[in-house]
Amino acid sequence: MAKQPHPHIDEELVRQMISGQAPLSPRAVETASTPPAESGIADPDPDPEEIAPPEVRRRRAALPDFEKTFMSLKDIRYRSAIYVSVETKRKILEVVKKIGGERMTVTSYVENILCHHLERYKDEINRIHKELNTKNIL
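One structure accompanies this document, and this report is about it.

Each value, and the rule that gives it
- Residues numbered from 1 in each chain as written.
- Predicted model: local features only at pLDDT ≥ 70, side-chain atom pairs only at ≥ 80, totals over all residues.
- Heavy atoms only, no water.
- Helix = DSSP H or I, 4+ residues; strand = E, 2+ residues; numbered from the N terminus.
- Buried < 20%, exposed > 50% of the residue type's maximum accessible area, 1.4 Å probe, protein only.
- Contact = heavy atoms within 4.5 Å.
- Areas by Shrake-Rupley, 256 points an atom, 1.4 Å probe, with all protein chains shown as cover.
- Patch = residues over 30% accessible without salt bridge, like charges linked within 9 Å, V, L, I, M, F, W, Y side chains within 5 Å.
- Salt bridge = Lys/Arg side-chain N within 4 Å of Asp/Glu carboxyl O.
- Core = buried A, V, L, I, M, F, W, Y, C linked by side-chain atoms within 4.5 Å.

### Description of the overall build of the protein
Part 1 of the argument: The helix and strand tally for the protein stands at eight helices and zero strands.
Part 2 of the argument: For the protein, the sequential pattern of α-helices and β-strands runs α-α-α-α-α-α-α-α.
Part 3 of the argument: The proportion of buried residues among the 138 residues of the protein is 16%.
Part 4 of the argument: Summarising the internal contacts of the protein: among those between residues at least 6 apart in sequence, 61% fall at separations of at least 24.
Part 5 of the argument: Carbon together with sulfur atoms contributes 56% to the accessible area of the protein, which is approximately 11,700 Å² in total.

Laid out in structure tokens, this is it:
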């Protein structure tokens, strides 16, 4: 039985694809698993699907420091209930229990996630809202 060659995996590209920062095109997957010596020069006539749409390019930003951004304790004096699926709640509890430290709370973790999301996508949210209305929502 002949040994199969071990393809080179571009780990950074795979991470970007998983996080939504790189397009999930067949060409990108092929490039990610092709050794650098074999990949050659960029395709002079790329398919339109291979070119990332503006939405994907806009989202490329440095990933935040997870612990500083999401695992900091918040002092929340006035709370309100928000419901999530049982599976999501189980995953959140597990994250907080395993890496949150002794004083970290699920409420702080979720608050940090939602604040980060709203801040990161504020311009997008306002753009969509403006298309439907005349004032900013955030």
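After that view of the structure, there is still more to cover.
### Re a nonpolar patch on the surface
Part 1 of the argument: Together, Ile9, Val14 and Ile18 give the surface a local cluster of nonpolar side chains, amounting to about 270 Å² of exposed area.
Part 2 of the argument: Structurally, the position occupied by isoleucine 9 is in the segment before α1 (11–18).
Part 3 of the argument: A relative accessible area of 41% places isoleucine 9 in the partly exposed class.

### Comments concerning the pattern of salt bridges
Part 1 of the argument: Scanning the model with the defined rule gives seven salt bridges in all.
Part 2 of the argument: We note a salt bridge from arginine 77 to aspartate 75, for which the minimum N-O separation is 3.1 Å. As far as burial versus exposure is concerned, arginine 77 and aspartate 75 are alike and both exposed.
Part 3 of the argument: A salt bridge links glutamate 94 to lysine 98, with the nearest nitrogen and oxygen atoms 3.6 Å apart. Linking glutamate 94 with lysine 98, this pair stays in helix α6 (residues 86–99), spanning four residues, or about one helical turn.
Part 4 of the argument: The exposure class of glutamate 94 is partly exposed, given its relative accessible area of 30%.

### Remarks on the nonpolar core
Part 1 of the argument: Judged by nonpolar contacts, Phe70, Met71, Ile92, Val96, Met104 and Tyr109 together constitute the single largest core of six residues.
Part 2 of the argument: What methionine 71 contacts, discounting residues up to four positions off in sequence, is Phe66, Val95, Val96, Ile99, Gly100, Met104, Tyr109 and Asn112.

Function cannot be read off these values alone, since they describe shape.
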